[in-house]
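Understanding the architecture of this molecule
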Amino acid sequence: MDDLIQEFIAETRETLEALSGEIVAWEAQPADRARLDAIFRFVHTVKGSCGFLDLPRLGRLSHAAEDVLAQVREGVRTPDRLLVNAVLAIVDRIGELVEAIDSGAALDDTGDELLIAALAEGAEEIAQTSMPGLHRAAARSVRLNVDLLDRMMSGMSDMVLARNELARRLRGGDIDPTIEAALERLSLTVGEMRDTVTRTRMQKIDALFSALPRMVRDTAAGLGKSVLLQVEGSDVELDREMIEMMRDPLVHIIRNSIDHGIEAPVERRALGKRENGRLVVSARQSGNQIIIEITDDGRGIDTEKLIRKLVANGRDEARLRALPERAKLDLVFEPGLSSKDEVSEVSGRGVGMDIVRASIEQIGGRVDLDSTPGKGLRLAIHVPLTLSIISAIVVGAGGQRFAISRQAIEEIVTDHGDAIRIDTIGGAEVLSVRGRRMPLLNLCEVLGLTRVTHSGPRMISIVNIGEGSYALAADMVLDNEELVIKPASPAVMSTGVYAGQTLPDSGLPMLLLDCTGIANVAGLDFSRDDEQVQDDEKVADAEAGIPALLFIDLDGARRAVPLAAVDRVEQVDGDSVRFAAGRFRVTIDERILPLASQGEIEGRAKLNVLRLKDGANEVSYAIEEALDIIRLPDDLVPAREPGPIAGVALIDGEQVELLDILWVFDEHADRDSEAHAPLCLIAGDKDGWMASFVRPLLETAGYRVVAQLGQGEIPAVVLSTDEASAELAAKAPVVRLRSRRAAAGAGDDSVYRYDRAGLLSALEARVAGKRR
């Protein structure tokens, strides 16, 4: 409500400034209908806003002025000097009250009734007394034209592209350190400006959802139904223009849900449902898209009825019945089709869902349906970002380049990896990665392209789309870039496999792939029965362990590094490596990073590096080749002395050394000062498992981990494999680890010890709770 009041104050101030001269000009020319209409619209708008915002004094004043101005518009009264003075006095008092609301001053209603009485015909003129002590607060906001914001975003996008091109050209030769430092400052400034400018067009989607409760109530009452509305995700931000373009389609969908989907109370009682229908409207961000879902617990879509209606209109019944279930649901979008037999104010005229889908596709979105007969309908609207700058992976397929949002990619593997197996089941390829099975799609086949060369391994991206994961094979992975994404043409977006277009620093236009759309076009079904889920859990239990990246080091040894510390693997030019300030350093993404290694670096044209992060610092580590992602066994043999190797493990019958992340960051990270990391105490670690495996994960996440407290130290959180002592529990919150995947019961708040995300989330929640 505070945001709405501030918006009301800003709009009223702006209109008052423009209106002060209009009233005087109207007095000089009473016949000027345009000025009279402008004054009337102002007081009418103020009156309507006051009713919504619960401002009764402003409501009474504006209502009185509206009545007398309506009489003038109808020719009942003639605007003379006394009437104009009275209207001016009302407008002045509205301005004073607005400033009082903004400043929080006490509102004295002295003189309000006299001002209203002065509007009456034949009333005597009164002198208005201003409210003392009111000063207009300094403005903290400014209203801008949307076209100006569009130009700002366009200019910012061009600046990002120019920065990328400049960086690419400088990487091609020797760089003067002063120029490199200037480029680094420029990159930081451009990044900050990009985020700031992008947010100028963003608005909470609550602006779209705020009118729904009243609309649902009125629609349901008009149809003799009772509907409970639940709104979720109001804080999600969306481009302001997209919000306006989504308003009409959303209203139509919700009215249809109430009219077509949710049954009357009598029918719901007969079906064993509660009388009140349930309607859920939610919004969430998924990768580079906003997903708005409308879910009801009504009757769902009767596809048989749709087919009968279309057959009656002359369609081929055999062809319609041969359609797959998803295609039958899409029949609801047929032009001129309505599932209602009678015409009402809400529906039944055959004009609706086809227009809704066309409107959404016009802005590069799409509509998905998921119906359960007798239980309800879920309608999901996927809206692409109209203008955004995202981090993307550039892949090559069929001699062309495409972008995939980094947020959608879990990992990238090669089909020649030791842990990779590809099977063909029922004519479709299935990828197995470390016992995890998922469908495999070939990007060239999905897009109708021909692979340029059949030699060499394919690069496979493991893509997560929320509903599930699948593998997407491309010819090669080319680069990682920040890209400016804009909607493509409606013909391109309607294919369902693209989320927008971009112009990278190469100057060649490129399309952004829609990973969810590709899965839908390929007909992937991520639903699984309980037995399959149980089988997956058994496999996960059998393969429990810390995930790690297996690689060949520069000295020829096979080593592994915990995957949690690896941000990415990149190939750099040998020319980007320099021995400077006492150590080897490498230039990556316009940044200078320390470069660690165990082997010869100099003299190489190309170099593969691991980018390792511990939350606050980043170090690169030179390797020969990344091999696979494995899981470390529990029986790790620790090294006898501190150094680059933390220990050795048996992987497929071979001894593999584990890189010591602590040594890498301690010896090579550039630290200006030690961060004040929260202290985590490990308690009850009888077999040393937490010290060997959990400690590196926590230190990578930014915690300082100890097995014993020093004098005067108080832990921020305690991590224990059993019940911590009462003394420790009194000092700090406790997170317990359990060895089984399933919790013991409803009261068990322990975390499965291989649930990395769950452990970090629990620790963060406990630390935040203690600080509060």
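Here, every reference points to the structure presented above.
Residues numbered from 1 in each chain as written. Predicted model: local features only at pLDDT ≥ 70, side-chain atom pairs only at ≥ 80, totals over all residues. Heavy atoms only, no water.

Comments concerning the sheet that holds strand β34 (residues 751-752)
In plain terms, the rule: Two strands are said to pair when DSSP picks up at least two bridges between them. Numbered from the N terminus, helices here are DSSP runs of H or I no shorter than four residues, and strands are runs of E no shorter than two. Residues are treated as being in contact if the distance between any of their heavy atoms lies within 4.5 Å. Throughout, an axis means a line fitted to C-alpha atoms (over the contacting stretch in the case of helices), and angles, computed between N-to-C directions, take values from 0 to 180 degrees.
An order of β31-β30-β32-β33-β34 is seen for the five strands of this open sheet, with the pairing classed as parallel. Looking at the sheet topology across the chains shown, the edges are occupied by β31 (704-706) and β34. Judged from the three bridges that link them, strand β32 (residues 717-720) and strand β33 (residues 734-738) form a sheet pairing that is parallel. Each bridged residue has a counterpart across the sheet, and for valine 718 the counterpart in β33 is valine 734. Contacting β30 (679-683), β31, β32 and β33, helix α21 (residues 689-700) runs over the sheet at an angle of about 165 degrees to β30.

A look at the packing of aromatic side chains
So the rule is basically this: Planes of paired rings set the category: under 30 degrees apart is stacked, over 60 is edge-to-face and the rest tilted, where pairs are Phe, Tyr or Trp rings (Trp by its six-membered ring) whose centres lie within 6.5 Å. Three labels apply to residues, based on accessible area from a 1.4 Å probe with only protein chains included: buried if under 20% of the type maximum, exposed if over 50%, partly exposed otherwise in between.
Enumeration according to the criterion identifies three aromatic pairs in this entry. Geometrically, the ring pair formed by phenylalanine 579 and phenylalanine 584 is edge-to-face, given 5.1 Å between the ring centres and 75 degrees between the ring planes. Phenylalanine 584 sits in the partly exposed class, given a relative accessible area of 21%.

A word on the environment of methionine 353
You can see methionine 353 is positioned in helix α15 (residues 353-362). With relative accessibility at 11%, the residue methionine 353 sits in the buried group. Taking the C-alpha atoms as reference points, methionine 353 and leucine 331, 22 residues apart in sequence, are found 9.8 Å from one another.

Some remarks on helix α10 (residues 240-261)
Operational definition: Take the residue count of a helix, subtract one, and multiply by 1.5 Å to get its expected span. Bend is the name given here to the angle between axes fitted to two runs of seven residues, the run ending at a residue and the run starting at it.
Its 22 residues place the ends of α10 30 Å apart at the C-alpha level, agreeing with the 32 Å of an ideal helix rising 1.5 Å per residue. Along α10, the sharpest change in direction is near 35 degrees and occurs at arginine 247; proline proline 249 comes one to four residues later.

Looking at the pattern of salt bridges
Put simply, the rule reads: Criterion for a salt bridge: a side-chain nitrogen of Lys or Arg within 4 Å of a carboxyl oxygen of Asp or Glu.
The final tally for this structure, using the stated rule, is 30 salt bridges. Between glutamate 317 and arginine 321 there is a salt bridge, and its shortest N-O distance comes to 2.9 Å. Note that glutamate 317 and arginine 321 are positioned in helix α13 (residues 317-321) at a spacing of four residues, about one turn of the helix. In this structure glutamate 317 comes out as partly exposed when scored by relative accessible area, which is 36%.

Considering the packing of helix α9 (residues 212-222) against α10
What counts here: Handedness of each helix crossing follows the sense of rotation of the near helix against the far helix: counterclockwise by less than a right angle gives left-handed, clockwise gives right-handed.
One way to put it is that α9 packs onto α10 with a least axis distance of 10 Å and a crossing angle of 35 degrees. Considering the relative orientation of α9 and α10, their crossing is right-handed. When α9 is examined against α10, the residues Leu212, Met215, Val216, Thr219 and Ala220 are found in contact with a partner set consisting of Leu250, Val251, Ile254, Arg255 and Ile258.

Examining the side chain of serine 257
Its location among the elements puts serine 257 in helix α10. Among the residues examined, serine 257 registers a relative accessible area of 8% and is labelled buried.

Brief notes about the packing of helix α3 (residues 56-73) against helix α4 (residues 81-103)
Going by this rule: For classification, angles of less than 35 degrees are called roughly parallel, those exceeding 145 degrees roughly antiparallel, those between 65 and 115 degrees roughly perpendicular, and all remaining angles oblique. When residues are sorted by character, Ala, Val, Leu, Ile, Met, Phe, Trp, Tyr, Cys and Pro go into the nonpolar class, Asp, Glu, Lys and Arg into the charged class, and all the rest, Gly among them, into the polar class.
For the pair α3 and α4, the least separation of the axes is 10 Å and the interaxial angle reads 155 degrees. Relative to α4, the element α3 lies roughly antiparallel. The two elements α3 and α4 cross, and the hand of that crossing is left-handed. On the side of α3, the interface is formed by Arg57, Leu58, Leu61, Ser62, Ala65, Val68, Leu69 and Val72, while α4 contributes Leu83, Val87, Ile90, Arg93, Ile94, Leu97, Val98 and Ile101. In terms of residue class, the contact of α3 with α4 is built from 13 nonpolar, one polar and two charged.

What to know about helix α12 (residues 303-312)
Since there are 3.6 residues in each turn of an α-helix, residues three or four apart along the chain are aligned in direction. The condition that has to hold: Think of it as the arc spanned by the lines of direction from the helix axis to the C-beta atoms. The definition of a polar contact used here is a pair of N or O atoms within 3.5 Å, where within protein one atom must be able to donate a hydrogen and the other to accept one, and adjacent residues in sequence count solely through side-chain atom pairs.
Buried within α12 are the following residues: Thr303, Leu306, Ile307 and Leu310. The arc that holds the buried residues of α12, viewed along the axis, is 100 degrees, so those residues lie on one side. Buried residues along α12 sit in contact with α13 and α14 (325-329). One side-chain oxygen at the N-terminal end of α12 lies 3.2 Å from the backbone nitrogen of glutamate 304; it belongs to aspartate 302. Directly after α12, the chain includes glycine 314, whose backbone phi takes a positive value near 105 degrees.

Remarks on the pairing of strand β23 (residues 583-588)
Across four bridges, strand β22 (residues 577-580) lies against β23 in antiparallel orientation. Each residue of the ladder has a partner; that of alanine 580, found in β23, is arginine 583. Hairpin remark: β22 followed by β23, antiparallel, with two residues in the connecting loop; positive phi at alanine 581, about 55 degrees. Direction of pairing for β23 relative to strand β24 (residues 591-596): antiparallel, over a ladder of four bridges. The residue of β24 that forms the bridge with valine 586 is leucine 593. Between β23 and β24, which pair antiparallel in sequence order, lie two residues; one of them, aspartate 589, sits at a positive phi of approximately 55 degrees.

Quick look at the nonpolar core
Here is the rule we go by: Grouping buried Ala, Val, Leu, Ile, Met, Phe, Trp, Tyr and Cys residues that are joined through side-chain atoms within 4.5 Å yields what is termed a nonpolar core.
Grouped together as the largest cluster of nonpolar side chains are 42 residues, with contacts concentrated most on Phe209, Ile254, Ile292, Ile294 and Ile381. At seven residues, the largest contribution of residues to this core is made by α10. Beyond its immediate sequence surroundings of up to four residues, isoleucine 292 is in contact with Ile205, Leu208, Phe209, Met246, Leu250, Ser282, Ala283, Leu379, Ala380 and Ile381. In this structure, Cys50, Leu61, Ala86 and Leu97 belong to the second largest nonpolar core, which totals 36 residues.

Digging into the environment of leucine 679
Relative to the helices and strands, leucine 679 is located in strand β30. A C-alpha to C-alpha distance of 4.8 Å links leucine 679 and arginine 704, two positions 25 residues apart in sequence. Excluding its chain neighbours within four sequence positions, the residues that come into contact with leucine 679 are Arg704, Val706, Leu709, Glu713, Ile714, Pro715, Ala716 and Val717.

Some thoughts on the environment of leucine 524
Summarising the element assignment, leucine 524 is placed in the loop between α18 (515-521) and α19 (530-542). Relative accessible area serves as the criterion here: at 18%, leucine 524 is assigned to the buried category. In contact with leucine 524, not counting residues within four places along its chain, are Pro439, Leu441, Tyr470 and Ala519.

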